[in-house]
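Topology and contacts: notes
Take a look at the letters that make up each chain.
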Amino acid sequence: MQDFLEFLDALDGFLYYPVLIVVLIAGGLYFSLKSRFAQVRLCFNAFRIMAERPDEKGAISSFGALMVSTASRVGTGNIIGVSTAICLGGPGAVFWMWVLAIIGGASAMAESTLAQIFKHKDTHNGGSYGGPAYYIEAVIHSRAIAVIFSLFLIATYAFGFNALASYNLQSTFSVYSFYNARTTPLIIGAVIAVVTGWCLFGGAKRIVKVTGLLVPVMGVVYVLAAIGIMVLKIDMLPSVLEMIFSDAFNFRAIGSGIAGSCLMYGIKRGLYSNEAGVGSAPNAAASAHTTHPVKQGLIQMLSVYIDTILICSATAFMCLMSGVPVTQEAAGAQYVQASMQAVFGGFGPAFITVIMALFAFTTLLGNLFYVDNALAYINGKKMPGKSFMTCFRVICTIVILAGAVLPMSTAWAIADIFMAGMALINIPCIMAAGGIVLRALEDYEKQRKSGINPVFHASSIGLDPEKLDYWK
């Protein structure tokens, strides 16, 4: 077992350095330079697009799709992921998370634009569906690659991310006196697994509805609490900023061990949190009704900024300005809870536990429903039978139980490896389709400059309308 865990750590390190760091930077810079940094130039325009309403009654708006993708991004990674990055990589990891968000915003725009162009009509339920598997098949002309991507998506969201969410939630209980390292994780994991399984098999619909309403509210409360700490400790802001930037550019420290540096932890935890270029958000983007694919691409770019620039930064500044020492032993929930406790007393750790419980629960359910699109694609674009889905959901429930008792490094390594698999397929594919994205962007900006509301026609960028369900 020890050899296997060491293998996971080695594979995790190799995939992110040098492989994924090169692919992420290449993809982000390609679309940034070719689009003249559209993710920055058109940022304010993206906010205006959010106010647009679909002209079809009952259709999902761009804002609605933004909320779906943001809900899938915002979760335990915004709290535990940031804490882990700072404690294990150093404060400079925060800077590299920002860099990844800005560069990755271009990749996020590209993948969601493609998802819109190649979306399909849902003849049974109305609306549209799509995602990376569909644009990979359409552009790369390889169903095999699309199926492999779908398998990685299933492995990432049904297994890797759910095991990690379960671990992250149980770790918030480690600060309480009743916590026993041998039994408490198992008990908490069992409770999470039972409740999640109950909801998956059709029960507890009220729980799902209530938590769906509570999570956005609690997310806002969390950000406000973080801002409250920053206001109370405002005198520490200059020293914290100096700490972040000096550590981020300490190239001697980075060069001595890149795999464990602030650079790599910033990239790993930033990617886990905002998922820019991973290929998850396009599944939500394809469901939106809009007049031009680029509009949805810009909207999904905003989701990356909301996740990282706003929420992850709130966690980072809250922790670093609390005055709690940064140590490797505190990596995870402990550092965030200690930061809250330093300002709000005993209420702080309990508040984080409640926030994490809500975030983790909706993440667990969202991840499992999220894989339905991938399962349907693999099964010939229709959902598998009831027997298969029952067995699949039972296995997923067991994974949630197992995730609670995994060592921290193993839980993160498994999630990182599966996520890397998605990104290593998706980013080269969207780069291969880069010409389509850039022509669509040029068409969008040309219409905007003419003073008209951009409306997309496939033929205007050289695509055959007869091969698409939309944009004829």
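Right above here is the structure, for reference.
Because the structure is predicted, anything quoted here is derived from the model rather than measured.

**Comments concerning the overall build of the protein chain**
Across its full length, the protein chain carries 21 helices and two strands. Scaling as 2.2 N^0.38, a compact globule of 472 residues should have a C-alpha radius of gyration of about 23 Å, and the protein chain matches this with 22 Å. Overall, the C-alpha framework of the protein chain stretches about 65 × 55 × 45 Å when taken along its three principal axes. Taken across its 472 residues, the protein chain has 58% of its residues classed as buried. Carbon together with sulfur atoms contributes 67% to the accessible area of the protein chain, which is approximately 19,300 Å² in total. One finds the centroid of the 29 positive side-chain charges in the protein chain at a distance of 8 Å from the centroid of its 24 negative side-chain charges.

**Details of the pattern of salt bridges**
Close approach of charged atoms lets side chains of opposite charge pair. Under the defined criterion, the tally for this structure stands at five salt bridges. A salt bridge links R269 to D416; the shortest N-O distance between them is 3.1 Å. You can see R269 sitting in helix α13 (residues 262–274) and its partner D416 sitting in helix α20 (residues 408–432), a full 147 residues away along the chain. There is no split in this pair, since R269 and D416 are both buried. Each member of the salt-bridge network shares a partner with another, and the members are R36, R41 and E445.

**Topic: the nonpolar core**
By size, the foremost hydrophobic cluster in this structure holds 145 residues, and its most contacted members are Y222 and L298. With residues near it in sequence (within four places) discarded, L298 still touches L42, N45, A46, I49, M109 and Y444.

**Some details on helix α19 (residues 386–404)**
The end-to-end C-alpha separation of α19 is 28 Å, in line with the 27 Å expected for 19 residues at 1.5 Å each. Listed in full, the buried residues belonging to α19 are M389, F392, R393, C396, T397, V399, I400, G403 and A404. Taken around the axis of α19, the buried residues stretch over an arc of 155 degrees, which confines them to a single face. Exposed residues pointing more than 90 degrees away from the buried face of α19 are listed as S387 and I398.

**Re the packing of helix α6 (residues 93–117) against helix α21 (residues 434–449)**
With their axes 10 Å apart at the nearest point, α6 and α21 run at an angle of 85 degrees to one another. Comparing the axis directions of α6 and α21 gives the class roughly perpendicular. Across from M109, A110, T113, L114 and I117 in α6, the residues of α21 making contact are I436, V437, A440 and L441. Of the residues assigned to the contact of α6 with α21, the class counts are eight nonpolar, one polar and no charged.

**Structural notes on the side chain of T353**
Tracing the backbone through its elements, the reader meets T353 in helix α17 (residues 347–370). In terms of polar contacts, T353 uses its side chain to reach the side chain of Q337, at 3.3 Å. In contact with T353, not counting residues within four places along its chain, are L169, T172, F173, Y176 and Q337.

**With respect to the packing of aromatic side chains**
Under the definition given, this model contains 18 aromatic pairs. When the ring of F173 is compared with that of Y176, the centres are 6.1 Å apart and the planes differ by 65 degrees; the resulting orientation is edge-to-face. By relative accessible area, which is 23% here, Y176 ends up partly exposed. Considering the side-chain rings of Y176 and F178, the 5.7 Å spacing of their centres and the 10 degrees angle between planes classify their relative orientation as stacked.

**Focus on the environment of T327**
Locating T327 in the fold gives a position in the loop between α15 (293–321) and α16 (333–344). For T327 and W98, which are 229 residues apart along the polypeptide, the C-alpha to C-alpha distance reads 22 Å.

**Some words on the packing of helix α5 (residues 80–89) against α13**
Packing of α5 against α13 leaves a shortest axis separation of 9 Å and a crossing angle of 170 degrees. Relative to α13, α5 is oriented roughly antiparallel. Contacts between α5 and α13 involve G81, T84, A85, L88 and G89 from the first element and C262, Y265 and R269 from the second. The class makeup of the residues in the contact of α5 with α13 is four nonpolar, three polar and one charged.

**Some remarks on empty space enclosed by the protein**
Using the criterion set out here, one finds three cavities of 30 Å³ or more in the structure. Its volume calculated, the second largest cavity comes out at about 70 Å³. Forming the walls of the second largest cavity are G131, P132, A133, Y134, F149, S150, L153, N283, N373, A374 and Y377. For the lining of the second largest cavity, a count of residues per class yields seven nonpolar, four polar and no charged.

Quick notes on the rules
- Residues numbered from 1 in each chain as written.
- Predicted model: local features only at pLDDT ≥ 70, side-chain atom pairs only at ≥ 80, totals over all residues.
- Heavy atoms only, no water.
- Helix = DSSP H or I, 4+ residues; strand = E, 2+ residues; numbered from the N terminus.
- Rg over C-alpha atoms; globule rule 2.2 N^0.38 Å.
- Buried < 20%, exposed > 50% of the residue type's maximum accessible area, 1.4 Å probe, protein only.
- Areas by Shrake-Rupley, 256 points an atom, 1.4 Å probe, with all protein chains shown as cover.
- Lys, Arg positive; Asp, Glu negative; His and termini not counted.
- Charge placed at Lys NZ, Arg CZ, Asp CG, Glu CD.
- Salt bridge = Lys/Arg side-chain N within 4 Å of Asp/Glu carboxyl O.
- Core = buried A, V, L, I, M, F, W, Y, C linked by side-chain atoms within 4.5 Å.
- Contact = heavy atoms within 4.5 Å.
- Expected span 1.5 Å × (residues − 1).
- Arc of directions from axis to C-beta.
- Axes fitted to C-alpha atoms, helices over the stretch in contact; angles between N-to-C directions.
- Parallel < 35°, antiparallel > 145°, perpendicular 65-115°, else oblique.
- Nonpolar A, V, L, I, M, F, W, Y, C, P; charged D, E, K, R; others polar.
- Polar contact = N/O pair within 3.5 Å; in protein donor to acceptor, adjacent residues only side chain to side chain.
- Phe/Tyr/Trp six-rings, centres within 6.5 Å; stacked < 30°, edge-to-face > 60°.
- 1 Å grid on protein atoms, 1.4 Å probe; cavity = no way out; pocket = protein on both sides within 12 Å on 5 of 7 lines; lining within 4 Å.
- Points joined across faces, edges and corners; volume = space filled by probe spheres on them.

Remember that the coordinates give geometry; whether it matters functionally is a separate question.
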